[in-house]
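Structural characterization, general
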Amino acid sequence: MIRKAKRTELIEVAQGRRPADLVIQGGMVANVYSGEFLRQNVAIYQDTIAYVGEKDVAVNDETIIMDASGMYVSPGFIEPHAHPWVFYNPVSMTKKALSLGTTTTVNDNLFFYLHLGADGFKQLVRDLQTMPGNFFWLVRLVSQADFPGERDWFQPKEIQALLFMDEVAGTAEVTRWPLLYEGDPFLMETIEIAKKIGKIVDGHTAGCSYDKLNSIAASGVDACHEAITAKEALDRLRLGMWTTLRNSSLRPDFPEIIRLITEGQVNTQRITMTTDGAHPSFIEKEGFVDGLIRKAVELGVPPMTALQMATINAATYLRLDDQIGGIAPGKLADIVLLPDLTTFKPTFVISKGALIAQDGQLLTPFPAIKWNKYATKKPFLFPKEQLADERLYCYPHLSAHRSVPVVSFKSNVITERRDVVLPSVNGYADLSKSAGLLYASLIARDGQWVAKAILDRFAVNLDGMASTYNTTTELLVIGKSPKAMAIAAQRVHEMGGGVVVVDHNEIVVEIPLPFTGMMTIDDSFEAAVRYHDQLLHALQKRGFPFHDILYTLLFLTCDFLPGLRLIPYGLYDVKRNDILLPAQPLSDCLLPH
């Protein structure tokens, strides 16, 4: 962070020899260092806090005086583990977060790197630094699903160069944590660099036992947000990991996991909180980090403790506590004025000394990012006419007497294998008499391959849909009608990315996501909310039985969660590490019988 205020000038303000630019008077300051609420004044010079105490400081005609009587003065909230690509984009997400008091976000770069490469990502980082607030990054070492050429794409030298950027706080979660358990040299080389230069190593250890967590901690991982029970959270805490408690759209875990604090009475200094990429409507309803604090207090966490977890704890974990996380001289002036310690919805939000939001409304302009200027390295490289061939969507099945492995959804993201005997027609599985079973094809953007599966308990009456919103950002096509699937796939191709739902060969939902295939280019957060609600309603109307369609789509194509997955290599059994039906060249699917 580049600070505008000079240290000598801050000293002069603190001593009353130079007028402050902004003074907050009469509020109860949440001192997250000492754990006290103190009635004090806060003097700000340019972008930095110069004085905190009971005396009056020098002012002039240009000094802004804010009367905080009856309010609590808290450090700005910090989100240490954000995913700024859940239909919303970095700008629209930041607008929403700032309006709710989150002045710092630390963001996963996965899809930006996948599509833009190192140089394009660097340009994006530079452009986004013109936004208000503090916007940091965590850089991925590998993707969430292995694909041909993955390790050529994630070049260690390029990743390591990114780590030296001031805007990069460290390495992002490795969702395929067994690679760390095995000490994969490809990953360990870069983790060693991160450690050497003082950057953090974020973690993801879903389903990892206590004994295996020992190896993950030994690999250098600093933190994990994947505990879903108080016991799992305690395991991570005991092994020296920063333990990030999650309450998100996919995993609203607080009622259980918060017992680590309310019943376990553990030391909370190494505990933080995250929304972990909640979908737009969840944030609209529950809030951002303000919602985490509010929920934690509702469940019995003392207000000061909740504030500490969302401010100084997160800053300390990120190794940024010398700059943010508290209200003290020399720290950046990221401050929220709260009307109470119940709602935690700020009346005023100050970022780097500037008043940027009041009562949930932004008061400052945001840069207009031209998203189409970032050349993607993963465009569609084949003509859309090829997607009209219905054979791309039919599951190969030569024998009517042999069972077919089916991907059966147990929850939004957990699947299991179910073997089903299906009739065969012209060498393909016939689903016409099997209610609830759907074809699924994952088609490479470069036209090199197609992977196929049959899904159960995804939807019942879904003729066709296509989506680039998935872990691979390749073209995922699902439905019971190959013709409708082809229409949806062609339309997504035309849009350059997005989600399309087709009924009776007519498009009924169309959501353009041209930026990396994951994000709208609309800078309004409300647009992302509208798109999400439209898609969820359409799918639930057609039999989708769960609550988070975006994460169902996202994780169907990953290779680290239990059950069967549709990945670039084919239909994959995660537990057995076995490809049940290999992906085949796209050209082979289009050959005459």
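Keep in mind it's a predicted model, so treat the numbers as computed, not measured.

**Some words on the pattern of salt bridges**
Any two side chains of opposite charge can pair, on the condition that their charged atoms come close. A full pass over the atoms with the stated rule returns 26 salt bridges. In this structure, the salt-bridge partner of E474 is K378, at a minimum N-O distance of 3.3 Å. In this pair, E474 is assigned in the loop between β24 (464–467) and β25 (475–479) and K378 in the loop between β17 (361–362) and β18 (403–409), connecting sequence segments 96 residues apart. For the pair shown, E474 and K378 are each scored as buried. R391 serves as the salt-bridge partner of D389, at 2.7 Å between the closest nitrogen and oxygen. Sharing partners across several salt bridges, the network here consists of E226, R246, R251, D253 and D276.

**Points about the side chain of T244**
Note that T244 resides in strand β12 (residues 242–246). Side chain to side chain, T244 and T272 meet in a polar contact 3.0 Å long. Sequence-distant contacts of T244, that is, excluding residues within four places in its chain, are made with P80, A223, C224, H225, T272, M273 and T274.

**A look at the UniProt feature "domain: Amidohydrolase-related" (unreviewed entry) in the chain**
Sites flagged by UniProt as "domain: Amidohydrolase-related" (unreviewed entry) map to residues 72–352. Helix makes up 41% of residues 72–352 and strand 18%, with an end-to-end C-alpha separation of 18 Å.

**Considering the pairing of strand β6 (residues 77–82)**
Of all six residues in β6, six are buried, a share of seventy percent or more. Handedness of the crossover joining β6 and strand β7 (residues 102–108) through helix α2 (residues 90–99) is recorded here as right-handed.

**Focus: the UniProt feature "domain: Adenine deaminase C-terminal" (unreviewed entry) in the chain**
Following the UniProt record, one finds the feature "domain: Adenine deaminase C-terminal" (unreviewed entry) at residues 413–577. Secondary structure across residues 413–577 comprises 24% helix and 34% strand; the distance between its end C-alpha atoms is 18 Å.

**Quick look at the packing of aromatic side chains**
Counted by the stated rule, this structure contains 18 aromatic pairs. Ring geometry for W242 against Y317: centres 5.8 Å apart, planes inclined by 45°, an arrangement best described as tilted. Note that W242 is positioned in strand β12 and Y317 in helix α15 (residues 312–317), a separation of 75 residues in sequence. Aromatic side chains Y374 and F515 sit 6.1 Å apart centroid to centroid with 50° between the ring planes, which places their arrangement in the tilted category. Taken together, the positions of Y374 in the loop between β17 and β18 and F515 in the loop between β27 (506–512) and α17 (525–541) put the pair 141 residues apart, joining distant regions of the chain. As far as burial versus exposure is concerned, Y374 and F515 are alike and both buried. Connected via pairs of aromatic rings, a cluster forms that spans F112, F121, F135, W137, W371, Y374 and F515. Above the plane of the ring of Y181 lies K212, whose end atom (NZ or CZ) is 5.6 Å from the centre. R530 extends its terminal NZ or CZ atom over the ring of Y531, reaching a point 5.7 Å from the ring centre.

**Regarding the sheet that holds strand β29 (residues 570–573)**
Strand order in the open sheet formed by three strands is β28-β29-β30, and the pairing between neighbours is antiparallel. The sheet terminates laterally at β28 (564–567) and β30 (578–582), the two strands that pair on one side only. Taken pair by pair, the neighbouring strands of this sheet meet at an average axis angle of 30°, ignoring direction. As paired elements, β28 and β29 share four bridges and run antiparallel to each other. Each residue of the ladder has a partner; that of L566, found in β29, is L571.

About the thresholds
Residues numbered from 1 in each chain as written. Predicted model: local features only at pLDDT ≥ 70, side-chain atom pairs only at ≥ 80, totals over all residues. Heavy atoms only, no water. Salt bridge = Lys/Arg side-chain N within 4 Å of Asp/Glu carboxyl O. Helix = DSSP H or I, 4+ residues; strand = E, 2+ residues; numbered from the N terminus. Buried < 20%, exposed > 50% of the residue type's maximum accessible area, 1.4 Å probe, protein only. Polar contact = N/O pair within 3.5 Å; in protein donor to acceptor, adjacent residues only side chain to side chain. Contact = heavy atoms within 4.5 Å. UniProt positions renumbered as here; feature names shortened; annotations may be inferred. Right-handed = clockwise from strand over helix to strand, strands pointing away. Phe/Tyr/Trp six-rings, centres within 6.5 Å; stacked < 30°, edge-to-face > 60°. Lys NZ or Arg CZ within 6 Å of the ring centre and 35° of its normal. Pairing = 2+ DSSP bridges. Axes fitted to C-alpha atoms, helices over the stretch in contact; angles between N-to-C directions.

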